[in-house]
Amino acid sequence: AAAGRALPSAGRSKGDIREEVWERLEASGLAEFPRPVRGRIPNFKGSLQACCSLRELEVFSRAREVKVDPDKPLEGARLAALQARKTLLVPTPRLRTGLFNRIVPPPGATKEMLRRCATSQGVREFSVPVGLDDRAQVDLVVVGSVAVSEKGWRIGKGEGYADMEYAMMVSMGAVQEDTPVVTIVHDCQVLDIAEELLGDHDLTVDYILTPTRTIQTNCKRPKPQGIMWHKVSSEMLGKIPILKTLRWREKQAGKDVTLQDEHPALADTSRAAISDEKVMAANPQPRAAPGSAHVGSDPVNPKSEGSDTITTVYVGNLPGSLRVSQLKSALRELQVVPAALKWQGAQHRAFLDYREQGAAHRALSSLQGLSLGGNALRVELAKSHRNKG
């Protein structure tokens, strides 16, 4: 293993280190499917052996809920969690539809079935989404890495998802300051990393498992304390719907949620003072149906309201004190403004019409787990895509 150790990283960027590790794994014949490993959390010969060491860690024995990333080299870690009958949480790919899925093997699952549940296909087949209000309490975090130092400093593949997942877990109260973080790599991925390469958003690790060693890093560098909104771009916010929900919650709690590419003036609270009439200015005002407030359908084309392309999202459990303007404000903040909004406050519900199915599903994802006026909203696709209330 010592011969496989990489050189110190002095004077090199994170990108240089990634390229060296990917090249070393491929050139030495250590790289495993999926290949090439470049651009990935690399799979390697001996990954299952390294994952088996997880069972020997006391922090694993004590853990009840374990979050393991979906990368191929961590398949053995997911299997270990399932075999030990722990609650296994796996982040959704690129966080598109939420933060976690809980893997639920079928009753009486055989060893072979558990192995299948630990694969990427099994994660898709046997998973149940975990909402923001499901009170996940993660006792152990297992992440993939491209490179890691014995001091616990980690380099991922460069997209920032593992760092963001951890920050989101902090934001939703799923991890604490002392929640241990483990990474599983080949010996040649353990190398010196210059501390100046680390940012305050970078996740550090407490344990490193390789095919030959278990390293306790005793890392003292603080882990991210939550989402650093000034480092989040509008593009990332658009790609991760649940991030919009967390941003809305933190804004309601009085936190500064100004984005990296957002002019400070736009995040000012004066934005909340925009008149309700302008909330959906892009949509002409409608003719209201009797007994309901119907906002934003298209009077120019009366067929649009009855169009089969409309997908309707039902929002229930609205508090009696909530005003339609407050719901509109939330929809605007989460960037899921509907083509039409049917408000039925007396029945504690509203219906949101979207002209594109994709937009409706983004709204479902963004509104999942949202609380307004102290009530956790119930959000689902309406029974009919053209619900007339």
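None of these values were measured; they are calculated from a predicted model. (Residues numbered from 1 in each chain as written. Predicted model: local features only at pLDDT ≥ 70, side-chain atom pairs only at ≥ 80, totals over all residues. Heavy atoms only, no water.)

1. Structural notes on empty space enclosed by the protein
A full pass over the atoms with the stated rule returns two cavities of 30 Å³ or more. When its volume is computed, the second largest cavity comes out at roughly 40 Å³. Class assignment for the residues of the lining of the second largest cavity results in two nonpolar, no polar and four charged. (1 Å grid on protein atoms, 1.4 Å probe; cavity = no way out; pocket = protein on both sides within 12 Å on 5 of 7 lines; lining within 4 Å. Points joined across faces, edges and corners; volume = space filled by probe spheres on them. Nonpolar A, V, L, I, M, F, W, Y, C, P; charged D, E, K, R; others polar.)

2. What to know about the side chain of Ser366
Its location among the elements puts Ser366 in helix 11 (residues 357–367). Here Ser366 is in contact with Pro241, Lys244, Thr245, Leu334 and Val336, once residues within four sequence places are set aside. (Helix = DSSP H or I, 4+ residues; strand = E, 2+ residues; numbered from the N terminus. Contact = heavy atoms within 4.5 Å.)

3. Description of the confidence of the model for the protein chain
When pLDDT is averaged along the protein chain, the result is 82, and 83% of the positions lie at 70 or above. Confidence drops under a pLDDT of 50 for residues 266–307, and excluding neighbours within four residues, the segment shows 65 contacts in the predicted structure. (pLDDT = per-residue confidence, 0-100.)

4. Let's talk about the packing of helix 7 (residues 161–171) against helix 9 (residues 241–252)
Relative orientation of the contacting elements helix 7 and helix 9 amounts to 40°, with a least axis distance of 11 Å. Comparing the axis directions of helix 7 and helix 9 gives the class oblique. Crossing of helix 7 against helix 9: the hand is left-handed. From helix 7, Met164, Met168 and Ser171 reach across to helix 9, where they touch Ile242, Leu243, Leu246 and Glu250. Residues belonging to the contact of helix 7 with helix 9 are distributed by class as follows: five nonpolar, one polar and one charged. (Axes fitted to C-alpha atoms, helices over the stretch in contact; angles between N-to-C directions. Parallel < 35°, antiparallel > 145°, perpendicular 65-115°, else oblique. Left-handed = near helix turned anticlockwise from the far one by under 90°.)

5. A word on the side chain of Asp353
Locating Asp353 in the fold gives a position in strand 14 (residues 349–354). Here Thr312 takes part through its side chain, which lies 2.7 Å from a polar atom of the side chain of Asp353. (Polar contact = N/O pair within 3.5 Å; in protein donor to acceptor, adjacent residues only side chain to side chain.)

6. What about the nonpolar core?
Looking at soluble globular proteins, one finds that nonpolar side chains tend to be buried together. Judged by nonpolar contacts, the single largest core of 48 residues is most densely connected at Leu54, Leu140, Val142, Val182 and Ile184. Residue contributions to this core peak at five residues, all from helix 4 (residues 75–83). Excluding residues within four positions of it along the chain, Val182 makes contact with Leu54, Leu57, Leu140, Val141, Val142, Val143, Tyr207 and Leu209. Formed by 37 residues, the second largest nonpolar core is a distinct cluster that contains Tyr161, Val185, Ile242 and Leu259. (Core = buried A, V, L, I, M, F, W, Y, C linked by side-chain atoms within 4.5 Å. Buried < 20%, exposed > 50% of the residue type's maximum accessible area, 1.4 Å probe, protein only.)

7. Brief notes about the packing of helix 9 against helix 11
Packed helices, taken two at a time, are described by the angle between their axes plus the distance between the axes. Where helix 9 contacts helix 11, the axes come no closer than 7 Å and their chain directions differ by 45°. One way to sum up the angle between helix 9 and helix 11 is to call them oblique. Two packed elements cross with a definite hand, and for helix 9 against helix 11 that hand is right-handed. Residues Pro241, Lys244 and Thr245 of helix 9 form the contact with helix 11, whose own contacting residues are Arg362, Ser365, Ser366 and Leu367. By residue class, the composition of the contact of helix 9 with helix 11 is two nonpolar, three polar and two charged.

8. Observations regarding helix 11
Listed as buried for helix 11 are Ala359, Ala360, Ala363, Leu364, Ser365, Ser366 and Leu367. As for helix 11, its buried residues are in contact with helix 9, strand 12 (311–316), helix 10 (324–333), strand 14 and strand 17 (378–381).

9. Examining the pairing of strand 1 (residues 65–68)
Neither face of strand 1 is left uncovered, since the one carrying Glu65 and Lys67 and the one carrying Val66 and Val68 both have all their residues buried. Pairing geometry for strand 1 and strand 2 (residues 87–91), over three bridges, is parallel. Bridging across to strand 2, Lys67 finds its partner in Leu89. In this sheet, strand 5 (residues 140–143) lies alongside strand 1 in parallel orientation, the contact comprising three bridges. Residue pairing in the sheet places Val66 in a bridge with Leu140 of strand 5. (Pairing = 2+ DSSP bridges.)

10. Things to note about the packing of aromatic side chains
The final tally for this structure, using the stated rule, is one aromatic pair. On the numbers, 5.7 Å between centres and 55° between planes, the contact of Tyr314 with Phe351 is tilted. Of this pair, Tyr314 sits in strand 12 while Phe351 sits in strand 14, placing them 37 residues apart in sequence. Accessibility assignment for this pair places Tyr314 and Phe351 in one class, buried. The lysine or arginine in question, Lys86, covers the ring of Phe60, its NZ or CZ lying 4.9 Å from the ring centre. (Phe/Tyr/Trp six-rings, centres within 6.5 Å; stacked < 30°, edge-to-face > 60°. Lys NZ or Arg CZ within 6 Å of the ring centre and 35° of its normal.)

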